Amino acid sequence: VLARQAYDWIGTRHEVSGLVPLAHRAVAVAAAVDQPTDEAVALMALGWGLVYATGEDDEEGLAAYRRALELARRHGDLRTRAMIVFNNAHLYRSLDRLDDALAVALDAYRELARLGAPPEHLSIVAASAAGTLIAVGRLDDAERLLTGVDPSPGLGDWHRRCRLIEVCLLRGRLRQARALF
């Protein structure tokens, strides 16, 4: 429950004050009761808080994401891996570390595809990689990646479609962007 509360903090609050202590506690509790998926989710929230909270250490936050991803890899939870990668790449982009953002997202996309992850997981990771490809001006690569993923219901496809709309708008294809919206 603590891990989910810490993760939900990211999407429901507009400030990070208080997130870091809650996430530290959630990590400790999940580890103590041997719940690696919950621990990974709590580490994700901790990483987010450490990067965005004033006075905290960005590198420590990114290290928390690496630990979260490793836990998710060892315990085979593809959904958690996709969520971690999506947020991790976002953090790298927000720190203007575009090469790292792209590497994290593309490596995870290839790994998840190889493991047979469902389209909803691939969609969100593809959207994350595409966000960085767009930021560095590689619109062809972004569009190819986004159109190469089967559409699926859910949040992942919403992000995928938003990135595809962005590519269309940047290319002046307003009619196609409107159709996707």
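Parameters and conventions
- Residues numbered from 1 in each chain as written.
- Predicted model: local features only at pLDDT ≥ 70, side-chain atom pairs only at ≥ 80, totals over all residues.
- Heavy atoms only, no water.
- Helix = DSSP H or I, 4+ residues; strand = E, 2+ residues; numbered from the N terminus.
- Rg over C-alpha atoms; globule rule 2.2 N^0.38 Å.
- Buried < 20%, exposed > 50% of the residue type's maximum accessible area, 1.4 Å probe, protein only.
- Areas by Shrake-Rupley, 256 points an atom, 1.4 Å probe, with all protein chains shown as cover.
- Core = buried A, V, L, I, M, F, W, Y, C linked by side-chain atoms within 4.5 Å.
- Contact = heavy atoms within 4.5 Å.
- Axes fitted to C-alpha atoms, helices over the stretch in contact; angles between N-to-C directions.
- Parallel < 35°, antiparallel > 145°, perpendicular 65-115°, else oblique.
- Left-handed = near helix turned anticlockwise from the far one by under 90°.
- Nonpolar A, V, L, I, M, F, W, Y, C, P; charged D, E, K, R; others polar.

**Some thoughts on the overall build of the protein**
Each helix and strand in the protein was counted, giving 10 helices and zero strands. Tracing the protein from N to C terminus, the helices and strands come up as α-α-α-α-α-α-α-α-α-α. In terms of overall dimensions, the protein is globule-like: its C-alpha atoms have a radius of gyration of 16 Å, near the 16 Å expected for 181 residues. Oriented by its inertia axes, the alpha-carbon framework of the protein measures out at about 50 × 35 × 25 Å. Within the protein, the fraction of its 181 residues that count as buried is 51%. By element, 52% of the accessible surface of the protein is carried by carbon and sulfur atoms, the whole surface being about 9100 Å².

**Some details on the nonpolar core**
Across soluble globular proteins, nonpolar side chains show a tendency to be buried alongside one another. Within the largest apolar cluster, 60 residues are counted, with the highest numbers of intra-cluster contacts made by L46, I84 and V125. Ranked by residue count, the leading element in this core is helix α3 (residues 36-52), at 10 residues. Beyond its immediate sequence surroundings of up to four residues, L46 is in contact with V20, A23, H24, V27, A64 and R67.

**What about the packing of helix α2 (residues 19-32) against α3?**
α3 packs onto α2 with a crossing angle of 160° between their chain directions and a minimal axis gap of 8 Å. In terms of orientation, α2 and α3 fall into the roughly antiparallel class. Handedness of the crossing formed by α2 with α3: left-handed. Only D38, E39, A42, L43, A45, L46, W48, G49 and L50 of α3 make contact with α2, whose side of the interface consists of L19, V20, A23, H24, A26, V27, A30 and A31. Residues that form the contact of α2 with α3 fall into these classes: 13 nonpolar, two polar and two charged.

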